[in-house]
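Reading the structure
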Amino acid sequence: MNKDIFELGGVEFDSRLLTGTGKYADDSVIPEVCEASGSQIITVALRRVDFESTTGNVMDFIPKNMKLLPNTSGARNADEAVRIARLAKAMGCGDWIKIEVISDNKYLLPDGYETAKATEILANEGFVVLPYVNADLYIARSLVDAGAAAVMPLGAPIGTNRGLQTREMVRILIDEISLPIIVDAGIGRPSEACEAMEMGADACLVNTAIATASNPAMMASAFGHAVKAGREAYLSGPGAKHSHAKASSPLTGFLHEG
Amino acid sequence: MSFYPICAEYNDAPLAEQFGSVTEHDVRRAINKTKLNPKDFLALLSPAAIPFLEEMAQKANQLTLQNFGKTIQLFTPLYMANFCTNRCIYCGFNTKNKIPRTQLGPEELETEAKAIAETGLKHLLILTGDARTKSSPEYVESAVKILSRYFPSVSIEIYAMTEEEYARQVEAGVDGMTMFQETYNEELYPELHPAGPKRDYRFRLDAPERACKAGMRVVNIGALLGLDEWRHDALKTGIHAAYLQDKYPDVDIAVSLPRIRTHVGDAFVPRSLVSDISLTQNMLALRLFLPRCGITISTREAPEFRENILPLGVTRMSAGVSTEVGGHTKTDEKVGQFDISDGRSVEEMSQVLRKHGYQPVFKDWHSLKEAS
């Protein structure tokens, strides 16, 4: 099999699993998680980053070979997301940014309109913008127009571990959107990540399911394998599913040429 | 619309009777639901739920882990002044208590800020007594401007303000407010607050909503458990939090669960004693009712109890606490607002949290002022 390269924001990656830094009992497990998962991209909430910390900082635990993807967690509108992105850049976190605009603290569902606004502003400023959104075709199209580098639809509400509840909508995005589709949020089990990849998603981002596992490194490894397996299945072209039985006496068997 | 008419309905309802009529079946159904209504919440707070605390604890633990991870956000209070114009009969700052009164000036604030910042904490809660003329909104604003240099998140726990005043505090850099209603019982409230501006029950009740409207990012409410029958205030606090969550989804609504503590002055006898079991039941019911709600446990609670309830819903804890004005730097003997039970330093608390498998989170917000 030829080497399967994942290109995102003009950079080539081998791994299609993105990981996160939130919810860990101890950040010191992060290097082990990165290693075990094979992930090369890791997201971090800028609001958690404390460069002046005397008590340890999440950034100290992110391996240097990882591509850092700061996110705008905590932003309630486009303006706040833009300000967080600029702060991240000014603080030396690079010019990649995952946009999270959430103004509903109960369900933590992303605000597509504000996300598209922030995406347009930041893409025009030269950021590589990865917006986290609902699995919605219209929002995804507006993100393409706004200059996003990928579309990150949720599988289920963030942190719920409920799996790929939006599969039919994600499938439409995979079919219709030319940008990479990275399924983000809600994936609770490796089998669900595998399913997303089998469907043709370009990558998955998994945080809660790894961070809150009893053994985060082992779970990270499981997700790494699952994402790879799903990708290989997609590339190998699985046999089409049949929704009905194949009749042994076909109804059109009487038709003959000539 | 305000929370007042909703609260009034609960104040008029025969709550003792309602709590007493909850059945085992009601409790089981509430535990097994994914989306609880106020009636389910009442069931979980009722005496009938006591035999189900372990089941409630298992679910509360799972919900907290899922929503907040294995993390506890740490903060510390900074008492800026203890002048007070109220006579809350349960409080050490009561204007009748003959204690030295003081207020920190800009230099003292800076000294306190430096001392706290050295512990690594980034979330600060500033408090004054309830004395609008001494600790004016302008005084608080100027203090916030100094403290914001050291802390990306500054919250206020002061007297009730108007929406415009809260908006000015937000503009000055405040991103959270804490307001305890003390008791939601409108009949009992004037007995406990015989004099002073705090006597205005409704102005205080609507203060958290005014803060939400003014753009505050975090609003933390609570009742001082024990002033009234604890179940009644626990129920109304949860209903208040749900009301705010529904109406202001962009605001992070949190609830504190303080129990009444001793203080100098006349001995005050609380209406109900809130046992460890009761406080735990309150927290579990609240977590099941509002899975995304922040829950704060202060140093009013003893170290062992604070550690035991860690996995049951707690998201925020105070550490390195002094309830005295200037208590983080001055060592001369003063009188605090109440006695604390857990005097452990930030470093000690961090070690304890790690020992229990939790990450102490020092910074969970970054001020956006500099990026304007």
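Scroll up to find the structure.
Residues numbered from 1 in each chain as written. Chains lettered and ligands numbered in written order. Predicted model: local features only at pLDDT ≥ 70, side-chain atom pairs only at ≥ 80, totals over all residues. Heavy atoms only, no water.

So, the overall build of chain B
- Assigned secondary structure in chain B consists of 15 helices and nine strands.
- The C-alpha radius of gyration of chain B comes to 20 Å, within 12% of the 21 Å expected for a compact globule of 372 residues.
- Principal-axis analysis of the C-alpha atoms gives chain B an extent of 60 × 45 × 40 Å.
- Within chain B, the fraction of its 372 residues that count as buried is 63%. (Helix = DSSP H or I, 4+ residues; strand = E, 2+ residues; numbered from the N terminus. Rg over C-alpha atoms; globule rule 2.2 N^0.38 Å. Buried < 20%, exposed > 50% of the residue type's maximum accessible area, 1.4 Å probe, protein only.)

Here's the deal with the overall build of chain A
- What chain A contains, in helices and strands, is eight helices and 10 strands.
- The C-alpha radius of gyration computed for chain A amounts to 20 Å, which stays within 12% of the reference 18 Å derived for 258 residues, consistent with globular compactness.
- By principal-axis analysis of the C-alpha atoms, chain A measures approximately 85 × 40 × 40 Å.
- Relative to its full complement of 258 residues, chain A shows a buried share of 54%.
- Considering only residue pairs separated by 6 or more positions, chain A has 64% of its internal contacts joining residues 24 or more positions apart. (Contact = heavy atoms within 4.5 Å.)

Some words on the side chain of Thr183(B)
Residues and elements named next belong to chain B.
- Take Thr183: it is sitting in the loop between β4 (174-182) and α9 (189-192).
- For Thr183, a relative accessible area of 0% puts it in the buried group.
- Engagement of the side chain of Thr183 in a polar contact is seen with the backbone nitrogen of Asn185, the distance being 3.1 Å.
- Once residues lying within four places of it in the same chain are set aside, the contact partners of Thr183 are Leu188, Tyr189, Leu192, Tyr201, Leu227, Asp228 and Asp233. (Polar contact = N/O pair within 3.5 Å; in protein donor to acceptor, adjacent residues only side chain to side chain.)

A short note on the pattern of salt bridges
- On inspection of all chains with the given rule, the structure shows 34 salt bridges over all chains.
- Among the salt bridges present, the one from Asp14(A) reaches Lys3(A), with a minimum N-O distance of 3.3 Å. Here Lys3(A) lies in the segment before β1 (6-8) and Asp14(A) lies in the loop between β2 (11-13) and β3 (17-20), a separation of 11 residues in the sequence.
- The class for Asp14(A) is partly exposed, based on a relative accessible area of 46%.
- When the shortest N-O distance is used, the salt bridge between Arg168(B) and Glu141(B) registers 3.2 Å. Of this pair, Arg168(B) sits in helix α8 (residues 163-172) while Glu141(B) sits in helix α7 (residues 137-147), placing them 27 residues apart in sequence.
- Judged by relative accessible area, Glu141(B) falls into the buried class, the value being 10%.
- Linked by salt bridges that have partners in common, Asp4(A), Arg16(A) and Arg231(A) make up one network. (Salt bridge = Lys/Arg side-chain N within 4 Å of Asp/Glu carboxyl O.)

A closer look at the interface of chain A and chain B
- Tallying the contact residues gives 31 residues for chain A and 38 residues for chain B.
- Across the chain A to chain B interface the summed buried area is about 2,900 Å²; carbon plus sulfur atoms make up 48%.
- Lys122(B) serves as the salt-bridge partner of Asp50(A), at 3.7 Å between the closest nitrogen and oxygen.
- For the pair chain A and chain B, the number of links is 16 residue pairs in polar contact (both at pLDDT 80 or more).
- Per-element tally for the side of chain A that touches chain B: the top contributor is helix α2 (residues 78-90) of chain A, with four residues.
- A class-by-class count of the residues in the side of chain A that touches chain B yields 10 nonpolar, nine polar and 12 charged. (Buried area = accessible area lost by both parts, 1.4 Å probe. Nonpolar A, V, L, I, M, F, W, Y, C, P; charged D, E, K, R; others polar.)

Re the packing of helix α3 (residues 112-124) of chain A against helix α4 (residues 137-146) of chain A
Residues and elements named next belong to chain A.
- Two numbers describe how α3 lies on α4: the axes approach to 8 Å, and their chain directions differ by 15°. As far as their axial angle goes, α4 and α3 are roughly parallel. Crossing geometry of α3 relative to α4 is assigned as right-handed. In contact with Gly112, Thr115, Ala116, Thr119, Glu120 and Ala123 of α3, α4 contributes Ile139, Ser142, Leu143 and Ala146.
- Grouping the amino acids of the contact of α3 with α4 by side-chain chemistry returns five nonpolar, four polar and one charged. (Axes fitted to C-alpha atoms, helices over the stretch in contact; angles between N-to-C directions. Parallel < 35°, antiparallel > 145°, perpendicular 65-115°, else oblique. Left-handed = near helix turned anticlockwise from the far one by under 90°.)

Notes on α4(A)
Residues and elements named next belong to chain A.
- Those residues of α4 not exposed but buried are Ile139, Ala140, Leu143 and Ala146. Taken down its axis, α4 places every buried residue within 120° of arc, on the same side. Of the exposed residues in α4, those oriented more than 90 degrees away from the buried face are Tyr138 and Asp145.
- As for α4, its buried residues are in contact with α3, β7 (128-133) and α5 (167-176).
- You can read the cap of α4 off the contacts: a side-chain oxygen lies 2.9 Å from the backbone nitrogen of Tyr138, and it is on Asp136.
- Gly147, located one to two residues past α4, shows a positive phi value of around 100°. (Arc of directions from axis to C-beta.)

A few points about helix α1 (residues 30-37) of chain A
Residues and elements named next belong to chain A.
- Along α1, the positions that sit buried rather than exposed are Ile30, Val33, Cys34 and Ser37. Buried residues of α1, seen end-on, are gathered within an arc of 100° and therefore sit on one face of the element.
- In the core, the buried residues of α1 are packed alongside β3, β4 (41-45), α7 (208-211) and α8 (216-236).
- Gly38 lies just past α1 and shows a positive phi near 80°.

Examining the nonpolar core
- In this structure, Ile126(B) and Tyr166(B) are the most contacted members of the largest nonpolar core, which totals 108 residues.
- If one sorts the elements of this core by residue count, helix α12 (residues 230-247) of chain B sits on top with eight residues.
- Each residue touching Tyr166(B), except ones within four places of it in the same chain, is listed here: Ile156(B), Tyr159(B), Ala160(B), Met161(B), Met177(B), Met179(B), Ala207(B), Arg210(B), Ala211(B), Ala214(B) and Met216(B).
- By size, the runner-up hydrophobic cluster in this structure holds 64 residues, among which are Tyr24(A), Val151(A), Leu164(A) and Phe223(A). (Core = buried A, V, L, I, M, F, W, Y, C linked by side-chain atoms within 4.5 Å.)

Some details on the pairing of strand β6 (residues 96-99) of chain A
- The side-chain alternation of β6(A) yields two buried faces, one formed by Trp96(A) and Lys98(A) and the other by Ile97(A) and Ile99(A).
- With α3(A) bridging β6(A) and its parallel neighbour β7(A), the resulting β-α-β unit is right-handed. (Right-handed = clockwise from strand over helix to strand, strands pointing away.)

Section: a negative patch on the surface
All names here are of chain B.
- Together, Glu9, Asp12, Glu187 and Glu191 make up a region of like negative charge exposed at the surface.
- As for its position among the elements, Glu191 is in helix α9.
- Take Glu191: its relative accessible area is 53%, and that puts it in the exposed class. (Patch = residues over 30% accessible without salt bridge, like charges linked within 9 Å, V, L, I, M, F, W, Y side chains within 5 Å. Areas by Shrake-Rupley, 256 points an atom, 1.4 Å probe, with all protein chains shown as cover. Lys, Arg positive; Asp, Glu negative; His and termini not counted. Charge placed at Lys NZ, Arg CZ, Asp CG, Glu CD.)

Description of empty space enclosed by the protein
Residue and element names in this part refer to chain B.
- Evaluated as defined, the whole model comprises two cavities of 30 Å³ or more.
- In this structure, the largest cavity occupies an estimated 50 Å³ of space.
- Lining of the largest cavity is provided by Ala223, Leu225, Ala234, Thr237, Gly238, Val255, Ser256, Leu257, Asn282 and Leu286.
- Of all the secondary structure elements, the ones that give two or more residues to the lining of the largest cavity are α12, β6 (252-256) and α13 (276-289).
- Among the elements that make up the lining of the largest cavity, the one with the highest residue count is α12 (three residues).
- Looking at the lining of the largest cavity residue by residue, the class counts come to six nonpolar, four polar and no charged. (1 Å grid on protein atoms, 1.4 Å probe; cavity = no way out; pocket = protein on both sides within 12 Å on 5 of 7 lines; lining within 4 Å. Points joined across faces, edges and corners; volume = space filled by probe spheres on them.)

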